[in-house]
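# Per-entry structural report
Residue strings, one per chain:
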Amino acid sequence: SQELEQSPQSLIVQEGKNLTINCTSSKTLYGLYWYKQKYGEGLIFLMMLQKGGEEKSHEKITAKLDEKKQQSSLHITASQPSHAGIYLCGADWGGSNYKLTFGKGTLLTVNP
Amino acid sequence: EAEVAQSPRYKITEKSQAVAFWCDPISGHATLYWYRQILGQGPELLVQFQDESVVDDSQLPKDRFSAERLKGVDSTLKIQPAELGDSAMYLCASSPKVWGTGMNTEAFFGQGTRLTVV
């Protein structure tokens, strides 16, 4: 959806390097969800952000939601080959029938 | 650990044939979603169930696609007739809570069914 843009589209990094993936919404977010997908498989939930300025971390992955709740970033510290995959952000824009609208994803390759 | 089960994992069918996918959500999950993911794209919602009722099927091509969740548990997505453009990954997801209650939670995804129409 053009209402939810991810950048970059793909990323190749050397093992041990830090990286950041961005997700920008054209509308105010009620919630922002980050998922990871291995090629040909289902989505694995990483983190959910709801409050402006919120930041969550899990192991070496940190996600932030900006104060205006229209942009989120996912930061990986000291990347490892196990971090490779497709990272997807999903937007909840509110409404009575909740649904997640996904970005196109960022393909991450980590070279050993 | 409870998982969303989908079958088959892979399906090859000829165009104009009928095809069906099955999904068994995590026990007790009221909300069930079917998404379609074309290669290189993000998942797109096709249909959303709350128990046995459809709450959103605005993106479902109703001339050829149908979905049901008769007892509010497992669900079937059918395509008849299949077209070449239907080749994609079909993902099922479930969530434990009723949306709109202000209690958000993540959706849990199955492994998907990879459909190839030839």
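Residue positions are given per chain, counting from 1 as you read along its sequence in written order. Think of it this way: whatever chain is written first is A, whatever ligand is written first is 1, and the rest follow in order. Given that this is a predicted model, residues contribute local features only at a pLDDT of at least 70 and side-chain atom pairs are listed and counted only at 80 or more, while totals for whole chains, interfaces and linings are drawn from all residues. Excluded from the side-chain calculation are hydrogens and water; included are all heavy atoms of the structure.

Another aspect to go through is the sheet that holds strand S7 (residues 61–65) of chain A. All names here are of chain A. Here, any two strands with at least 2 DSSP bridges between them count as paired. Only DSSP runs of H or I covering at least 4 residues are called helices, and only runs of E covering at least 2 are called strands; the numbering of each starts at the N terminus. With antiparallel pairing, 5 strands are arranged side by side in an open sheet as S1-S3-S8-S7-S6. A strand with exactly one partner marks an edge of an open sheet, and here the two such strands are strand S1 (4–7) and strand S6 (55–58). Across the sheet, the axes of successive neighbouring strands diverge by a mean angle of 15 degrees, strand direction being ignored. The sheet contact formed by S7 and strand S8 (residues 71–76) spans 5 bridges and is antiparallel. If you follow Leu65 over to S8, its bridge partner there is Ser72. Here, axes are lines fitted to C-alpha atoms. For helices the fit covers the stretch in contact, and angles between N-to-C directions go from 0 to 180 degrees.

The next point concerns the pattern of salt bridges. All names here are of chain B. Any carboxyl oxygen of Asp or Glu within 4 Å of a side-chain nitrogen of Lys or Arg constitutes a salt bridge here. Throughout the structure, instances matching the rule amount to 7 salt bridges over all chains. In this structure, Arg36 engages Glu44 in a salt bridge whose closest nitrogen and oxygen atoms are separated by 3.6 Å. Burial classes follow relative accessibility: with a 1.4 Å probe on protein chains only, a residue under 20% of its type's maximum area counts as buried, one over 50% as exposed, and anything between as partly exposed. Its relative accessible area of 13% is what places Arg36 among the buried residues. The partly exposed category is assigned to Glu44, whose relative accessible area is 32%. The shortest N-O distance in the salt bridge between Lys62 and Asp57 comes to 3.7 Å. For Asp57, a relative accessible area of 26% puts it in the partly exposed group.

Moving on: the interface of chain A and chain B. With 22 residues of chain A at the contact, the number on the chain B side is 27 residues. Buried surface at the junction of chain A and chain B, summed over both partners, amounts to about 1,900 Å²; 52% is from carbon and sulfur atoms. It is Tyr98, Lys99 and Lys104 of chain A in chain A that bury the most area against chain B; as a group they hold 25% of the surface buried on that side. Counting across the chain A and chain B interface gives 0 salt bridges. Counting of polar contacts relies on pairs of N or O atoms within 3.5 Å, with two restrictions inside protein: one atom must be capable of donating a hydrogen and the other of accepting it, and residues adjacent in sequence are counted only when both atoms are side-chain atoms. Taken together, the connections running from chain A to chain B amount to 3 residue pairs in polar contact (both at pLDDT 80 or more). Whether two residues touch is decided by their heavy atoms; if any such pair falls within 4.5 Å, the residues are in contact. The term buried area denotes the loss of accessible surface (1.4 Å probe radius) that occurs when two parts are joined, taken as the sum for both partners.

This part is about the sheet that holds strand S1 (residues 5–7) of chain B. All names here are of chain B. Overall, antiparallel pairing links the 4 strands, which are arranged S1-S3-S8-S7 in an open sheet. The sheet terminates laterally at S1 and strand S7 (65–68), the two strands that pair on one side only. Strand-to-strand, the axes of this sheet are offset by a mean angle of 15 degrees, without reference to chain direction. With 3 bridges joining them, S1 and strand S3 (residues 19–24) adopt antiparallel strand pairing.

Residues and elements named next belong to chain B. Cysteine sulfur atoms that pair up within 2.5 Å are treated as a disulfide. Enumeration according to the criterion identifies 2 disulfides over all chains in this entry. The side chain of Cys23 participates in a disulfide bridge whose partner is Cys92; the two sulfur atoms lie 1.9 Å from each other. Measuring handedness by torsion sign, the sulfur bridge of Cys23 and Cys92 sits at about -70 degrees and is left-handed. Taken as a pair, Cys23 in strand S3 and Cys92 in strand S9 (residues 88–95) lie far apart in primary sequence, 69 residues in all. The two residues Cys23 and Cys92 agree in class, both being buried.

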